Amino acid sequence: MYNAMIVDDYEVYRNEIRSMKVWGATSGFVIVEEATNGREALQKLHQNPVDLLLTDIRMPLVNGLELLKKVTEDKLALCVILMSQFSDFEYARQGLSNGAFEYLLKPVNAEELLKTLLRAEKYIGERRLEVSKITYLDKILHENSEEFFPKEEMDNVLRLVSEGNQEASEAASYLVDRTYSEINFDVIKTALALNRSTKKLIESIYTEFSWIDKFYNIQELKVSDFSMLDDISLMKEAFVSKVDTILSIIRQYELGIDNSSMVRMVCKTILENIDNDITVNEISSRLFITRTYISQIFKEKTGMNLVKYITDVKIERAKVLILSGIKYIEISERLGYKDDEYFKKLFKKSTGMTINEYRNKVYS
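The rules behind the values
- Residues numbered from 1 in each chain as written.
- Predicted model: local features only at pLDDT ≥ 70, side-chain atom pairs only at ≥ 80, totals over all residues.
- Heavy atoms only, no water.
- Salt bridge = Lys/Arg side-chain N within 4 Å of Asp/Glu carboxyl O.
- Helix = DSSP H or I, 4+ residues; strand = E, 2+ residues; numbered from the N terminus.
- Buried < 20%, exposed > 50% of the residue type's maximum accessible area, 1.4 Å probe, protein only.
- Phe/Tyr/Trp six-rings, centres within 6.5 Å; stacked < 30°, edge-to-face > 60°.
- Lys NZ or Arg CZ within 6 Å of the ring centre and 35° of its normal.
- Core = buried A, V, L, I, M, F, W, Y, C linked by side-chain atoms within 4.5 Å.
- Contact = heavy atoms within 4.5 Å.
- Pairing = 2+ DSSP bridges.
- 1 Å grid on protein atoms, 1.4 Å probe; cavity = no way out; pocket = protein on both sides within 12 Å on 5 of 7 lines; lining within 4 Å.
- Points joined across faces, edges and corners; volume = space filled by probe spheres on them.
- Axes fitted to C-alpha atoms, helices over the stretch in contact; angles between N-to-C directions.

Caption draft 1: Up close: the pattern of salt bridges. In the structure shown here, the tally under the stated rule is 24 salt bridges. In this structure, K106 engages D8 in a salt bridge whose closest nitrogen and oxygen atoms are separated by 2.8 Å. Remark: D8 occurs in the loop between β1 (2-7) and α1 (11-19) and K106 occurs in the loop between β5 (102-105) and α5 (110-144); sequence separation between them is 98 residues. A residue is classified by how much of its surface remains accessible, and K106, at 11% relative accessible area, is buried.

Caption draft 2: The packing of aromatic side chains, seen in detail. One pass over the full model with this rule turns up 14 aromatic pairs. A centroid spacing of 6.3 Å and a plane angle of 50° characterise the contact between F226 and F239, whose relative ring orientation is tilted. Placement of the pair is F226 in the loop between α9 (220-223) and α10 (232-253) and F239 in helix α10, with a sequence separation of 13 residues. No difference in accessibility class separates F226 from F239, as the two residues are buried. With 6.0 Å between their ring centres and 55° between their planes, Y337 and Y342 make a pair best called tilted. Its relative accessible area of 12% is what places Y337 among the buried residues. The class for Y342 is partly exposed, based on a relative accessible area of 45%. Put simply, the rings of Y337, Y342, F343, F347 and Y358 pair up and form one aromatic cluster. Against the face of Y13 rests K106, its NZ or CZ located 3.9 Å from the ring centre.

Caption draft 3: The arrangement of the nonpolar core in detail. L201, I205, F239, I246, I270, L306 and Y309 are the most contacted members of the largest nonpolar core, which has 69 residues in total. Residue contributions to this core peak at 10 residues, all from α10. In contact with I205, other than residues within four places in its own chain, are L158, V161, I212, I218 and I246. Counting 22 residues, the second largest nonpolar core, distinct from the first, contains M20, F29, L78 and A120.

Caption draft 4: Broad picture of unusual backbone geometry. Here the residue pair K106 and P107 is connected by a cis peptide bond, since its omega of 0° sits within 30 degrees of zero. Tracing the sequence through the fold places P107 in the loop between β5 and α5. Although it is not a glycine, N184 sits at a positive phi angle of roughly 55°. Position of N184 among the secondary structure elements: in the loop between α7 (168-182) and α8 (187-208). The class for N184 is exposed, based on a relative accessible area of 65%. Even without being a glycine, F288 presents a positive backbone phi close to 55°. As for its placement among the helices and strands, F288 is situated in the loop between α12 (280-287) and α13 (291-302).

Caption draft 5: Highlighting the pairing of strand β3 (residues 50-56). Where burial is concerned, most of β3 is hidden: 7 out of the 7 residues are buried. As defined by bridge partners, β1 adjoins β3 across 4 bridges and the pair is classed as parallel. Residue pairing in the sheet places V7 in a bridge with T55 of β3. Examined bridge by bridge, β3 and strand β4 (residues 77-84) share 6 bridges and lie parallel to one another. Its bridge partner being in β4, L53 is matched across the sheet by V80.

Caption draft 6: The layout of surface pockets, seen in detail. What the second largest pocket holds in volume is close to 180 Å³. Around the second largest pocket, the lining residues are D277, I278, T279, V280, V307, I310, T311, K314, G336, Y337, Y342 and L346. Counting residues per element, the lining of the second largest pocket draws most heavily on helix α14 (residues 306-323), at 4 residues.

Caption draft 7: Inspection of the sheet that holds β1 at higher detail. Taking strand neighbours across the sheet as the criterion, the 5 strands line up as β2-β1-β3-β4-β5 in an open arrangement whose pairing is parallel. Edge positions in the sheet fall to β2 (29-35) and β5, since each of these pairs with one other strand and no more. Each adjacent strand pair in this sheet contributes to an overall mean axis angle of 25°, direction not counted.

Caption draft 8: Broad picture of the environment of V313. Among the structural elements, V313 can be located in helix α14. Judged by relative accessible area, which is 2%, V313 ranks as buried. Separated by 98 residues in sequence, V313 and F215 place their C-alpha atoms 9.0 Å apart. Among residues more than four places away in sequence, those in contact with V313 are F215, Y253, I270, L271 and I274.

As structure tokens, then:
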């Protein structure tokens, strides 16, 4: 039997699901725990992870999408099923794109739930086999060979990425070659070593570029498992691709990389404070540089007006917030636009689409 948890802030829904004749031998699942919100669920899951998490999307404190993210990152459940009212359809679709197994409309239909549970049982069985395989291979690596971590090569990759240097790709390729050579050309052991290198890469980048998750879910780059690849050239391609992705994000947002540390500092200040109604005057105050001089140097070094850069960054941040399900009125206020109608017009002028058109295009 697989263990399941139900999370919903309405007791009536939890009782209704618990009373359905789909549990036990019928589906292969037993309900071992309940929670009234995502925060309570996380507390209980950290003590006792489950195989299946069945959670509502809209809940206080920590909602279903935030719960899904934490459960996935911390590996607290092998399978997550979202429950959603029809009006939450876009939330549900976002959940599916972030790793949810399925979503069910509320009130949940017993027949549909059973069909989903039967599919989930097969899925969890396959996931358990994958986890067992990875655990076994990792054990072999630690027991039968000296663990190798390419510290010097990794430090070089991180330095080049931090500098926005395109040579980071070449350095990443060399890191893979060095790892493969040091582990005696063993593909499996190289894959496991690259898993650790990728984790180190993402953690280090996130520490230095704390703004990055406002525009890109960099944690997604951690997800892939190199042990699923059986060829060193594919591993190299995958690892270099991760480095290239990170490098392109940094270069896209931190202008001035090639010619001005001051411009880069201005960009970093904007990026880190984009949700706090950042303005040119605020930047001037933070950096102790006059507004006129900052604007002049920024234009001279980038060819772009500083106010336009701030607007462009706000629109990119708005795109992320829109897809997270936040209402445009809240987004407008967060980004410093007191007039939400003006924000809507600005978004359409910048993207060529209304907010709804953008959301529908991404989810279509």
